[in-house]
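Here's the letter readout for the chains.
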Amino acid sequence: MEKTDKTWQELNANNNNTVSIAEALSEYLRHWKWFIISALVCLAVGVGIVMTTQRTYRSSLSILLNEEKNARRAGANAAALTINEYGALTPTSNLDNEIAMLSSPDIMLPVVDSLNLQSIYYVKPRFRKEEIYGSSPFYVKYIGKKDFFPGKMDFFIVKSGNGFNVEGTLIRPGGAEIKIVQNIQHLPDSILLPDNLGGIVIKPTGRSIADAEKYYVTIVSPASMAGALSAGLSVKQNSEKASVLDLSLIANNSEKAVAVLNELIKQYNEMNVRVNNQMAYNTAIFINGRLKEIAAELGDVEREVVSYKQQHSITDLGAEAQMSIQQTGQNKDRLMDIETQLNVISLVERFVNNPDNKYKVVPNLGVSDPALSQIITEYNKKILTSDALLKNTGVENPTRVRAVEEIDNMRSSISGSIRNVEQAYKISRQDLQRLSGMTQSRIQSIPQQERGLLEKVRQQQIKETLFIFLMQKREETNMAIASTSDKARIIVSPQWKVWNIAPESKKILLGALIIGLLIPGIIIYIYNLLNVTVRGHRELAKLSAVSIIGEIGKNETKEQIVVQANQTDGVSEMFRSLRNNLNFILKPNHEQIMLVTSTIASEGKTFISMNLALSFALSGKKVLL
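Sequence order sets the numbering: in each chain, residues are counted from 1 along the sequence as written. Whole-chain, interface and lining totals are the exception, using all residues; otherwise, since this is a predicted model, local features are given only for residues with pLDDT of at least 70 and side-chain atom pairs are given and counted only at 80 or more. Each side-chain value is derived from all of the structure's non-hydrogen atoms; neither hydrogens nor water enter the calculation.

### Some words on the overall build of the chain
What the chain contains, in helices and strands, is 16 helices and 15 strands. Whether a residue is buried, partly exposed or exposed follows from its accessible area with a 1.4 Å probe, protein chains only, as a fraction of its type maximum: under 20%, in between, or over 50%, in that order. Counting all 625 residues of the chain, 36% fall into the buried class. Expressed as a percentage of contacts within the chain between residues at least 6 apart in sequence, the contacts between residues at least 24 apart total 70%. Residue-level accessible areas treat just the shown protein chains as cover; the underlying method is Shrake-Rupley with a 1.4 Å probe. When the accessible surface of the chain is summed, it comes to about 37500 Å², and 55% of that surface belongs to carbon and sulfur atoms. Each helix is a run of DSSP H or I of at least 4 residues and each strand a run of E of at least 2, with the numbering of both proceeding from the N terminus. Contact criterion: two residues are considered in contact whenever any of their non-hydrogen atoms come within 4.5 Å of each other.

### Details of the pattern of salt bridges
Opposite charge on two side chains lets them pair, provided their charged atoms get close. Within this document, salt bridges are pairs made up of a side-chain nitrogen of Lys or Arg and a carboxyl oxygen of Asp or Glu, the two lying within 4 Å of each other. Following the criterion strictly, the structure yields ten salt bridges and no others. Across the salt bridge formed by Lys256 and Glu131, the nearest N and O atoms sit 3.0 Å from each other. In this pair, Lys256 sits in helix α8 (residues 254-312) while Glu131 sits in strand β4 (residues 130-131), placing the two residues 125 residues apart along the sequence. For Lys256, a relative accessible area of 7% puts it in the buried group. Accessibility expressed as a relative area gives 10% for Glu131, which makes it buried. We note a salt bridge from Glu476 to Lys473, for which the minimum N-O separation is 3.0 Å. Of this pair, Glu476 and Lys473 are both found in helix α12 (residues 448-482), three residues apart, which corresponds to roughly one turn of the helix. On the basis of relative accessibility, which here comes to 5%, the residue Lys473 falls in the buried class.

### As for the sheet that holds strand β10 (residues 199-204)
Taken in spatial order, the three strands make up an open sheet running β5-β10-β9, and their pairing is antiparallel. Across the chains shown, the open sheet's two edge strands, defined by having one partner strand only, are β5 (138-143) and β9 (189-192). Within this sheet the neighbouring strands show an average axis-to-axis angle of 20 degrees, counted without direction. Here, any two strands with at least 2 DSSP bridges between them count as paired. Fitting a line to C-alpha atoms yields each axis, with helices limited to the stretch in contact; the angle taken between N-to-C directions then spans 0 to 180 degrees.

### A short note on helix α13 (residues 505-530)
A helix's residues, less one, multiplied by 1.5 Å, set its expected span. The terminal C-alpha atoms of α13, which comprises 26 residues, lie 37 Å apart, in line with the 38 Å expected from a rise of 1.5 Å per residue. Inspection of α13 places Ala512, Gly516, Pro520, Gly521 and Ile524 among the buried residues, and these make up the whole buried set. As for α13, its buried residues are in contact with α2 (21-29) and α3 (32-52).

### What about helix α15 (residues 570-585)?
Helix length check: α15, at 16 residues, gives a terminal C-alpha distance of 23 Å against a target of 22 Å (1.5 Å per residue), a fit within 8%. Lining the buried residues of α15 we find α16 (605-618).

### Here's the deal with the pairing of strand β13 (residues 242-251)
Judged by how many residues are buried, β13 sits mostly within the fold: seven of ten residues are covered. Of the pairings in the sheet, the one linking strand β12 (residues 233-239) to β13 comprises six bridges and is antiparallel in character. From the neighbouring strand, Lys236 faces β13, where its bridge partner is Asp246. Joining the antiparallel neighbours β12 and β13 is a turn of two residues.

### Some remarks on a nonpolar patch on the surface
Two distance rules govern patches: like charges are joined within 9 Å, and nonpolar side chains (Val, Leu, Ile, Met, Phe, Trp, Tyr) within 5 Å, applied only to residues with over 30% relative accessible area and no salt bridge. Taken together, the side chains of Leu510, Leu513, Ile514, Leu517, Leu518, Ile522, Tyr525, Ile526, Leu529 and Leu530 present a nonpolar region at the surface, about 960 Å² in accessible area. Inspection of the secondary structure puts Ile522 in helix α13.

### Details of unusual backbone geometry
Following Leu187, the chain continues into Pro188 via a peptide bond in cis, with omega recorded as 5 degrees. As for its position among the elements, Pro188 is in the loop between β8 (177-184) and β9. Of note, Asn116 is a non-glycine position whose phi angle comes to about 55 degrees, a positive value. Considering the arrangement of structural elements, one finds Asn116 in the loop between α6 (105-115) and β3 (119-123).

### Topic: the packing of α6 against helix α7 (residues 222-231)
Each packed pair of helices is defined by two parameters, the angle between the axes and the distance between the axes. Interhelical geometry of α6 versus α7 gives an angle of 115 degrees and a closest axis separation of 8 Å. Along this stretch, α6 crosses α7, giving a crossing that reads as right-handed. Only Pro222, Ala223, Met225, Ala226, Leu229 and Ser230 of α7 make contact with α6, whose side of the interface consists of Pro105, Met108, Leu109, Val112 and Asp113. Looking at the contact of α6 with α7, its residues break down into nine nonpolar, one polar and one charged. Definitions for this section: a left-handed crossing has its near helix turned counterclockwise from the far helix by less than a right angle. A right-handed crossing has that turn clockwise. Asp, Glu, Lys and Arg are counted as charged, while Ala, Val, Leu, Ile, Met, Phe, Trp, Tyr, Cys and Pro are counted as nonpolar; the rest, among them Gly, fall into the polar class.

### Some thoughts on the sheet that holds strand β11 (residues 214-219)
The strands that make up a sheet pair up through hydrogen bonds in the backbone, lying either parallel or antiparallel. Read across the open sheet, the six strands follow the order β4-β3-β11-β6-β7-β8; overall the sheet is antiparallel. Each end of this open sheet is capped by a strand with a single partner; those strands are β4 and β8. Examined bridge by bridge, β3 and β4 share two bridges and lie antiparallel to one another. In the strand pairing of β4, Val123 is matched with Glu130.

### What to know about the packing of α3 against α13
Contact pair α3 / α13: the axes reach a minimum separation of 8 Å and the direction vectors enclose 150 degrees. Classified by the angle their axes make, α3 and α13 are roughly antiparallel. In this structure, the crossing between α3 and α13 has a hand that is right-handed. Every residue of α13 that contacts α3 at Trp34, Phe35, Ser38, Ala39, Cys42, Leu43, Gly46, Val47, Ile49 and Val50 is listed here: Ser505, Ile508, Leu509, Ala512, Leu513, Ile515, Gly516, Leu517, Ile519, Pro520, Gly521 and Ile524. Of the residues that constitute the contact of α3 with α13, the class distribution is 17 nonpolar, five polar and no charged. Convention used here: angles under 35 degrees read as roughly parallel, angles over 145 as roughly antiparallel, angles from 65 to 115 as roughly perpendicular, and any remaining angle as oblique.

So yeah, pure geometry; function would need other evidence.
Written as structure tokens, this is what we have:
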């Protein structure tokens, strides 16, 4: 036989390079039964997961956000507001703020309270829980102290005879458990919890109640339910060019998801109506107060005019008086406008200087000065923004603090602007009064009584003009409040008959099948990787350049001598084949010496030597063992 100088590394590298795909596959195909068993077991586990996992659904809707033009401007620039602008809608400007508001758990709290979502109803018909929102035969609600919740409650209601058995537990925040066991004969009824923790009200809904069917109820705190619903809510912008938002909610009941989405939009619209009308409400209160004062002043002036006419027996003015009035009419009109503006500015100044109105919206009622009107409008916007930040963040929030500082600075600017405008109007009034004095020299012939009457009539007209102005603004403000529209309009309604999104049966079963096929393969691969023994002549042929001329199977008998005359069992035939191969290799007619050796003891050296010697002896050879 040939000798070889190959090292172990060379042989191992040659082995790795010569492994064929068929040989690799044959190693796994030999254990095909394990692959089938593993796949069936994993598929059974997958089916169990599908059957026991509670189903979840996704419902969605789309809304169009609008901002009411009249709600933005009422009270801020009411003088420029026209009837045609009421009800006009424009797209909202900041969708990120609206997304944050819709995603907030705070806006979800009134939804939970309105729909009583803190009580969860479900049954267990087979393997999984099924939530029965909207179809439960019972209405269950926790009653107790305001802003207090004793803990999570899990119990079931089952019809028993003529009554109902209620059993479950109350889990307190510290982990302590309180058993709930009650038998109710008639519904509606209530169950009082121990330690003055409140009670549970149970009412029938009119739906049929199955005998011996357990109806499970879980009651959680409104805050935790609002947080869970907000976590399952997704709000995204539909398009960058449109103020359309897509809302989707994941829940264990599709009908419940639809109800939550619809109620969420309702609560969102109501909240925006309250916020948008706040400025109009403040303006209406201010106008009503001023109308009472002006009405009293106007009544006093009118009584003075009547008394003056009666005292001086004045019934009609002469032609000379008419000509004088015509000459002074233009100056009087201008002076009347200035007096009106001074009164309006005085009203605004008193409102601004009042400490009680420090962070309230400033009424902007007919101020003709554009600069002052603009700064008051900007100030009112800052006030509304600060109030919104206070509701959503808190007093200590840095953004809220900066907004308050800006409001204080702008308030000082408003006070300065009011003083400047008032001073300018006073200068103009002095000029007009000086001009009126020059005109009065031309009407010295007018009776003193007529001059006194004109003064009183002028005061009457000023008060009347201001009274009519306030009346008009009150009606416009009331129209602004009455015509406020919903900010969100549903354009794609949610559907409650939808397919469940989980559990995904196909994916779970496919994954189970793949895992079932991978497990035996990985085990076989690791076993082969850790195996350090030679399991056949093919592996030996790959690891050595020495020729293999025979293979002897394992001796299953206890006898050491297996080769005998006329014996045809498998092991005897293997020894005969080995003898024939050796005869073919060995040189004829020469004595040959063969050595049988191995690495460790008990590997079969004696067994091979004895039976190989017998095999040669039976063929007529002289053998010395």
